[in-house]
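A structural walkthrough
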Amino acid sequence: MPALPHKKLYHISTLENLDTWARYKQAMCMDCQSTCCTMPVEVKLPDLVRMGVVDPFEAEHEAPKNVAKRLEKARIIQHFNFKTSVFTLAQRANGECTYLDAQTRLCTIYDQRPNTCRNHPKIGPKPGFCAYRNR
């Protein structure tokens, strides 16, 4: 009997409906549309230093609220939580992360990416699952 051609799994998730999320497997990232890069990304000051948008000296000597004011003006962040000192990165009008390359669908700061991104999908709205969408 001849071998059947390999069938590709087609899956479309929505960010809003966690029931549509797929159980994560590392190979999924190879043909995904980077749906996770349309979720809000919360970061802390060390993330911003690693990303190169905050100088280590500024992080050590400047109040986080002042750093936040500068980053909001530069449109690097869209929100700052004063109680927790957590910054939310800015997104494009279509909801994508500003660090996502629109053509390749790859992160332009992958080696410097925030911990939130490094730990996805181990942490997040549905740990162990992701909003996978085929390319």
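Look up a bit, the structure's there.
Presented here is an overview of the structure given in this document. Residue positions within a chain follow its written sequence, with the count starting from 1. In view of the model being predicted, local features appear only for residues whose pLDDT reaches at least 70, and side-chain atom pairs are presented and counted only at 80 or more, with totals across whole chains, interfaces and linings using the full set of residues. Calculation of side-chain values draws on the structure's entire complement of heavy atoms; hydrogens and water are dropped beforehand.

**Let's talk about the pattern of salt bridges**
Just to be clear on terms, a salt bridge is a Lys or Arg side-chain nitrogen sitting within 4 Å of an Asp or Glu carboxyl oxygen. All chains considered together, the criterion is met by 4 salt bridges. A salt bridge links arginine 50 to aspartate 47; its shortest N-O distance comes to 2.7 Å. Note that arginine 50 and aspartate 47 are positioned in helix 1 (residues 45–51) at a spacing of 3 residues, about one turn of the helix. For aspartate 47, a relative accessible area of 5% gives the class buried. We note a salt bridge from arginine 105 to glutamate 96, for which the minimum N-O separation is 2.6 Å. According to the relative accessible area criterion, glutamate 96 is buried, its value standing at 10%. When salt bridges that share partners are traced, they join Arg92, Glu96 and Arg105 into one network. Here a strand is any run of E in DSSP of at least two residues, a helix any run of H or I of at least four, and the numbering for each starts at the N terminus. Summary of the burial criterion: residues with accessible area below 20% of their type's maximum are buried, those above 50% are exposed, and those between are partly exposed, where the area comes from a 1.4 Å probe applied to protein chains only.

**Re the sheet that holds strand 3 (residues 77–81)**
For two strands to be treated as a pair, DSSP must find no fewer than two bridges joining them. The antiparallel open sheet is built from 3 strands, whose spatial order is 2-4-3. Single-partner strands in this sheet number two, and they are strand 2 (42–43) and strand 3. Sheet topology places strand 3 next to strand 4 (residues 86–89); 4 bridges connect them, and they run antiparallel. Pairing of histidine 79 across the sheet is with threonine 88, part of strand 4. Sheet strands touched by helix 3 (residues 64–73): strand 3 and strand 4. Its angle to strand 3, the strand with the most contacts, is close to 160°. The contact criterion used throughout is that any non-hydrogen atoms of two residues lie within 4.5 Å. Geometry is summarised by axes, namely lines fitted to C-alpha atoms with helices restricted to the contacting stretch, and by angles between N-to-C directions that run from 0 to 180 degrees.

**Here we look at the nonpolar core**
Among buried residues, the Ala, Val, Leu, Ile, Met, Phe, Trp, Tyr and Cys ones that are joined through side-chain atoms within 4.5 Å form a nonpolar core. Leu48, Val53, Leu71, Ile77, Phe87, Leu89 and Tyr99 are the most contacted members of the largest nonpolar core, which totals 19 residues. Going through the elements one at a time, helix 1, helix 3, strand 3 and strand 4 are the ones with two or more residues in this core. Among all residues touching tyrosine 99, those that are not within four sequence positions of it are Met51, Val53, Ile76, Leu89, Leu106, Cys107, Thr108 and Ile109. If you look at the next biggest cluster of nonpolar residues, it comprises 5 residues, including Ala22, Met28, Cys32 and Tyr132.

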